[in-house]
Amino acid sequence: PAAALAAAVPAARKIARQPGAIDGSKTRSAGEAHPVSLAMAPAEGAAKLPRRNKAMLMVIDMFPPLWMLGIDRLYLGSITTGIAKLAVCVFTCGVGGVVWGLVDFASVVSNALRKEDSIEAFGMDATFRKDEVGVAFWLAIVDILAVPLLVSGTCRWWQYRKSLRDQILSSAKDVSKPEAAAS
């Protein structure tokens, strides 16, 4: 935007210096574009958004550790913010990765549910083929259902491991009590 504005200002000044430019006496033909709009148009060969597979992005977002570590951003070609997301996750012991990952997850899933063929949000920029949009829509629904199930399953597994550990510790105490009483 700043480069386009910088290019548009000299063009606007040039137009303003032309006779009849201010009072509107100079007219353009119907197909002729306004010089300022031409100056603000993207330059020939301007950087285009990378084309990625939207279904693959949705599969990446099915696994919270991947979006916590910035793999989704790296896949989309946002290398700098992907590495920054990884660093935030590591240096905050995962908390920053979870928060940032949830924001990105919500952005990607909402984009898929709206069936958009491009994403330009929070530093994630890419285009997708139109035939991938329908598949991504259904994968977004699976994502919405799978992530809470994965989180609750992980919590249950954690509780199960804790109860096993507690049983082992209590049985170890029971075994050591008779030895202490005997001495």
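The coordinates are above.
Because the structure is a prediction, the values reported are computed rather than measured.

Draft legend 1. A look at the pattern of salt bridges. The tally for this structure, following the rule as stated, stands at 7 salt bridges. Lys85 is the partner of Asp104 in a salt bridge, and the nearest nitrogen-oxygen pair spans 2.8 Å. Of this pair, Asp104 sits in helix α7 (residues 95–113) while Lys85 is found in helix α6 (residues 79–91), placing the two residues 19 residues apart along the sequence. The buried category is assigned to Asp104, whose relative accessible area is 0%. Overall, Lys85 belongs to the buried group, its relative accessible area being 0%. Glu116 is the salt-bridge partner of Arg114, the closest N and O atoms lying 2.7 Å from each other. Of the residues examined, Arg114 reaches a relative accessible area of 49% and is grouped as partly exposed. Connected via shared salt-bridge partners are Asp72, Arg73, Lys85 and Asp104.

Draft legend 2. Examining the pairing of strand β2 (residues 118–121) more closely. By the alternation rule, side chains of β2 split into Ile119 and Ala121, which are all buried, and Ser118 and Glu120, of which none is buried. Across 4 bridges, β2 lies against strand β3 (residues 124–128) in antiparallel orientation. Looking across to β3, one finds that Ile119 is bridged to Ala126. Here β2 folds back onto β3 in antiparallel fashion, the turn holding 2 residues, of which Phe122 has a positive phi close to 55°.

Draft legend 3. Expanded view of a nonpolar patch on the surface. A cluster of nonpolar residues, Met56, Val59, Phe63, Leu66, Leu69, Ile71, Leu74, Ile79, Ile83, Leu86, Val90 and Phe91, forms a patch on the protein surface that exposes about 1000 Å² of accessible area. Considering each element in turn, the nonpolar patch owes the most residues, 5 residues, to α6. Among the secondary structure elements, Ile79 is positioned in helix α6. For Ile79, a relative accessible area of 45% puts it in the partly exposed group.

Draft legend 4. Expanded view of the packing of α6 against α7. Closest axis-to-axis distance for the α6/α7 pair is 7 Å, and the angle between their directions is 140°. Looking at the two axes, α6 sits oblique to α7. Residues Thr81, Ala84, Lys85, Val88 and Cys89 of α6 touch α7, and the partners they reach there are Gly96, Gly97, Trp100, Gly101 and Asp104. In the contact of α6 with α7, the residues fall into 4 nonpolar, 4 polar and 2 charged.

Draft legend 5. Summary view of the environment of Thr127. Relative to the helices and strands, Thr127 resides in strand β3. Given the relative accessible area of 18%, Thr127 is considered buried. A sequence separation of 74 residues divides Thr127 from Asn53, and the C-alpha atoms of the two residues are 8.4 Å apart.

Calculation notes
- Residues numbered from 1 in each chain as written.
- Predicted model: local features only at pLDDT ≥ 70, side-chain atom pairs only at ≥ 80, totals over all residues.
- Heavy atoms only, no water.
- Salt bridge = Lys/Arg side-chain N within 4 Å of Asp/Glu carboxyl O.
- Helix = DSSP H or I, 4+ residues; strand = E, 2+ residues; numbered from the N terminus.
- Buried < 20%, exposed > 50% of the residue type's maximum accessible area, 1.4 Å probe, protein only.
- Pairing = 2+ DSSP bridges.
- Patch = residues over 30% accessible without salt bridge, like charges linked within 9 Å, V, L, I, M, F, W, Y side chains within 5 Å.
- Areas by Shrake-Rupley, 256 points an atom, 1.4 Å probe, with all protein chains shown as cover.
- Axes fitted to C-alpha atoms, helices over the stretch in contact; angles between N-to-C directions.
- Parallel < 35°, antiparallel > 145°, perpendicular 65-115°, else oblique.
- Contact = heavy atoms within 4.5 Å.
- Nonpolar A, V, L, I, M, F, W, Y, C, P; charged D, E, K, R; others polar.

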